[in-house]
Amino acid sequence: MTSLWTYANPKKFVETTDKVLPFVSVLAIVCLVTGLVWGFFFTPDDYRQGSTVKIIYIHVPSALMAINAWLMMLVASLIWIVRRHHVSALAARAAAPVGLVMTLIALATGAIWGQPMWGTYWAWDPRLTSFLILTLFYFGYIALWSAIENDDTAADLTSILCLVGSVFALLSRYAVNFWNQGLHQGASLSLDKEENVADVFYHPLLVSIAGFVLLFLALVLLRTRTEIRARRVRVLSTRQRME
Amino acid sequence: MIALLLRDLRLAIRAGGGFGLGLAFFLIVVVLVPFAVGPEAGLLSSIAPGILWLGALLACLLSLDRIFALDWEDGSLDLLAVSPLPMEAVVSVKALAHWLTTGVPLVLATPLIAVLLNLPGEGFRSLILSLALGTPALSVIGTFGAALTVGIKRGGLLLSLLVLPLYVPTLIFGAEVARRGLSGQDTSTPLLLLAGITCGAIALLPFASAAVLRVNLR
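What you see is a predicted model; the values in this text were computed from it and never measured. (Residues numbered from 1 in each chain as written. Chains lettered and ligands numbered in written order. Predicted model: local features only at pLDDT ≥ 70, side-chain atom pairs only at ≥ 80, totals over all residues.)

K.L.:
Got a minute to help me understand the overall build of chain A in this structure?
P.N.:
Per the secondary structure count, chain A includes 6 helices and 0 strands. Secondary structure of chain A in N-to-C order comes out as α-α-α-α-α-α. Each principal axis of the C-alpha distribution contributes one length, and for chain A these read about 70 × 40 × 35 Å. Expressed as a percentage of its 243 residues, the buried residues of chain A come to 38%. (Helix = DSSP H or I, 4+ residues; strand = E, 2+ residues; numbered from the N terminus. Buried ≥ 20, exposed ≤ 12 C-beta atoms within 10 Å, placed from the backbone.)

K.L.:
In this structure, what is going on with the nonpolar core? I would like to understand it.
P.N.:
Within soluble globular proteins, side chains that are nonpolar tend to cluster in buried spots. Ala 69 and Ala 95 of chain A together with Ile 141 and Val 212 of chain B are the most contacted members of the largest nonpolar core, which has 137 residues in total. Examining the composition of this core, we find that 14 residues originate from one element, helix α2 (residues 56-83) of chain A, more than from any other. Apart from the residues lying within four places of it in its own chain, the contact partners of Val 212 of chain B are Leu 157 and Ile 160 of chain A together with Phe 144, Ala 147 and Leu 148 of chain B. (Core = buried A, V, L, I, M, F, W, Y, C linked by C-beta atoms within 7 Å. Contact = placed C-beta atoms within 7 Å.)

K.L.:
Even after reading the chapter, I still don't get helix α6 (residues 87-116) of chain B, so can you show me in this structure?
P.N.:
Structural remark: α-helix, 3.6 residues per turn; residues separated by three or four positions point the same way. Helix length check: α6 of chain B, at 30 residues, gives a terminal C-alpha distance of 42 Å against a target of 44 Å (1.5 Å per residue), a fit within 8%. Positive backbone phi, approximately 55 degrees, marks Asn 118 of chain B, located one or two places after α6 of chain B. (Expected span 1.5 Å × (residues − 1).)

K.L.:
Can you help me understand the interface of chain A and chain B in this one?
P.N.:
Accessible area lost during the coming together of the parts is what is often quoted as the interface size. Listed by partner, the interface residues are 21 residues for chain A and 18 residues for chain B. When contributions to the side of chain A that touches chain B are tallied by element, the ones reaching two or more residues are α4 (126-147) and α5 (151-179) of chain A. When residues of the side of chain A that touches chain B are assigned to their parent elements, the largest contribution, 12 residues, is made by α5 of chain A. For the side of chain A that touches chain B, the residue count by class is 17 nonpolar, 3 polar and 1 charged. (Nonpolar A, V, L, I, M, F, W, Y, C, P; charged D, E, K, R; others polar.)

K.L.:
Is there a simple way to explain unusual backbone geometry in this structure?
P.N.:
Leave glycine aside and you will find that most residues have negative phi; peptide bonds, for their part, are mostly trans. Residue and element names in this part refer to chain A. Not every positive phi belongs to a glycine, and Arg 84 is a case in point at roughly 55 degrees. You can see Arg 84 is positioned in the loop between α2 and α3 (86-118). A tally of 13 C-beta atoms within 10 Å means that Arg 84 is categorised as partly exposed.

K.L.:
Is there a simple way to explain the confidence of the model for chain B in this structure?
P.N.:
Detailed reading of the predicted coordinates is not advisable wherever pLDDT falls low. Per-residue pLDDT for chain B averages 87, and the proportion of residues at 70 or more is 98%. Averaged over each element, pLDDT in chain B is lowest for helix α1 (residues 2-13) of chain B (78) and highest for helix α7 (residues 124-148) of chain B (92). (pLDDT = per-residue confidence, 0-100.)

As structure tokens, this is what we get:
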């Protein structure tokens, strides 16, 4: 039986993703196009929010992925610290810029929606604030990766930063709740059916969330492969220079 | 450990150690505020707790890169690493020395500087209490940041980028205590949360700092 750790071998990882990546990419495009076209053109306007409600198809999935990308980085960092698989460290590194872009998309779409609905682009609401703090954590993490030359040292330091940062990001999340009252509505999605948005919006939303998840997966796989190859090229050129 | 603490304190106090620079910076930040927002007494006294907390936080940040940088350059950090003292103890002592040389003077100077911002009499107690409880957390978190960036040349800017987001919870609760004290509300909840953050940081972060320092010394 092959275990999950087989893919910790970079060669095996590249071989497998060679086959998987096209499927994931195509599926991501299909889901995104279906979800967004369905959401934008074939759902009714909301009776209070008008057509601005449709930004939900970008805002909610990107916000979801922004948090999940950090979680994925946390898991990958833990794997690196415990089992020291290089692919894992590279995957964490590959996920960071994607996660950062997702947080920025969520913040930008939120601001665009907030202007007509709340009458302001920005409010110091707990959710908005904790997202801004998450953005800062992403910046710090990426900056630390790029500041250190030695790959292993960088992987070690950033993975510890990711662990400590996760604790503090969580603390900040609850601290800002304490600090200011919220303007943002509750969760749009939850396993509890009562709290969900109405069904007309719900199904296309699910499709576009699937699209964002697949897009994230495809980008992370692609970036991890690039990192592996870049490192291989670096090693090869060093070896050539020594001969 | 005590020898290391005394050594660090002595180094900090002697000329060129940067002792007092943090205080001077704190004073200047506070003096600049009225120029920026106007000299109106009511406005100044209402923003005073926040400004004083922010000033103390920035003054703390300013002296962070000194914690390890000098020892790293002259090699005494390597000696400390091979000494029988565990790395966790070294970073704890370093954080303590940082707190004694920047945190404590800041807390002691706050009552004098607060007068410049027209802080009303009832705000003093909770402001000083919150700073006294919060600055140890600032030092310990800052030591972690300093340990992360010790091997990087010109890491000062990166250090602030890494440390400032980590300061958010401490700042929120600390400034909340000071603000509530000023308006006469009950301060016990944020005070307890602030104390919790400080205790948690002191208990757990030295392990992270020591791990990071070991990686950097490898």
